[in-house]
Amino acid sequence: MPKYSLDELDNRLGQFLDPELPVRPTSDVNVALQVANLLESKGYSFRLKDMCPNSLSECLWRASFTNDEAEFAAENSQSAIAIGTAALAALESAEVI
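Please read these numbers as outputs of a predicted model, since none were measured by experiment.

Draft legend 1. Geometry of the packing of aromatic side chains. Throughout the structure, instances matching the rule amount to two aromatic pairs. With centroids separated by 6.5 Å and ring planes inclined at 90°, the aromatic side chains of Tyr 44 and Phe 65 adopt a geometry described as edge-to-face. Of the two residues, Tyr 44 sits in the loop between α2 (29-41) and β1 (45-50) while Phe 65 sits in strand β2 (residues 61-67), which places them 21 residues apart along the sequence. The exposure class of Tyr 44 is buried, given its relative accessible area of 8%. Aromatic side chains Phe 46 and Phe 65 sit 5.0 Å apart centroid to centroid with 35° between the ring planes, which places their arrangement in the tilted category. Of this pair, Phe 46 sits in strand β1 while Phe 65 sits in strand β2, placing them 19 residues apart in sequence. These aromatic residues form a ring-pair network of at least three members: Tyr 44, Phe 46 and Phe 65.

Draft legend 2. Representation of the pairing of strand β3 (residues 70-76) within the structure. In terms of strand pairing, β2 meets β3 through seven bridges, oriented antiparallel. The residue bridging Trp 61 from the neighbouring strand is Asn 76, located in β3. Linkage of β2 to β3, two consecutive antiparallel strands, is achieved through a turn of two residues, within which Asp 68 is found at a positive phi near 60°.

Draft legend 3. Structural view of the side chain of Thr 26. Within the fold, Thr 26 resides in the loop between α1 (6-17) and α2. Residues contacting Thr 26, with those up to four places away along its chain left out, are Leu 6, Leu 9, Asp 10, Ala 80 and Ile 81.

Draft legend 4. Looking closely at the nonpolar core. Formed by 24 residues in total, the largest nonpolar core has its most connected members in Leu 13, Leu 17, Leu 39 and Phe 65. Going through the elements one at a time, α1, α2, β2, β3 and α3 (79-96) are the ones with two or more residues in this core. Of the residues forming this core, the biggest block, ten residues, is contributed by α3. Ignoring sequence-local partners within four residues, the contact set of Leu 13 consists of Asp 18, Leu 21, Pro 25, Gly 84, Ala 87, Leu 88 and Leu 91.

Draft legend 5. Main features of the sheet that holds β1. Across the sheet, three strands lie side by side as β1-β2-β3; this open sheet has antiparallel pairing. Edge positions in the open sheet fall to β1 and β3, since each of these has one partner strand only. Across the sheet, the axes of successive neighbouring strands diverge by a mean angle of 15°, strand direction being ignored.

What counts and what doesn't
Residues numbered from 1 in each chain as written. Predicted model: local features only at pLDDT ≥ 70, side-chain atom pairs only at ≥ 80, totals over all residues. Heavy atoms only, no water. Phe/Tyr/Trp six-rings, centres within 6.5 Å; stacked < 30°, edge-to-face > 60°. Helix = DSSP H or I, 4+ residues; strand = E, 2+ residues; numbered from the N terminus. Buried < 20%, exposed > 50% of the residue type's maximum accessible area, 1.4 Å probe, protein only. Pairing = 2+ DSSP bridges. Contact = heavy atoms within 4.5 Å. Core = buried A, V, L, I, M, F, W, Y, C linked by side-chain atoms within 4.5 Å. Axes fitted to C-alpha atoms, helices over the stretch in contact; angles between N-to-C directions.

See below:
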């Protein structure tokens, strides 16, 4: 998955989810979870995992969406960005099919 700026990521998500897309989904985990709910309503399963659960100084989140046998995942130190990136991968893949 290519790396996007936060504005690019938000805009690309908007291309797929507008007008359902919350404002600035990569800015806050609560808003990003609304994106996850939208994808779940489209048949995806969602999972968010703390990859450094015992660390007080390290932070890494892994978001994944699965549909049928395909998994779309992303990791980032900010959970909202991980969710947005994984969601975009799933949405772009569905568009190709």
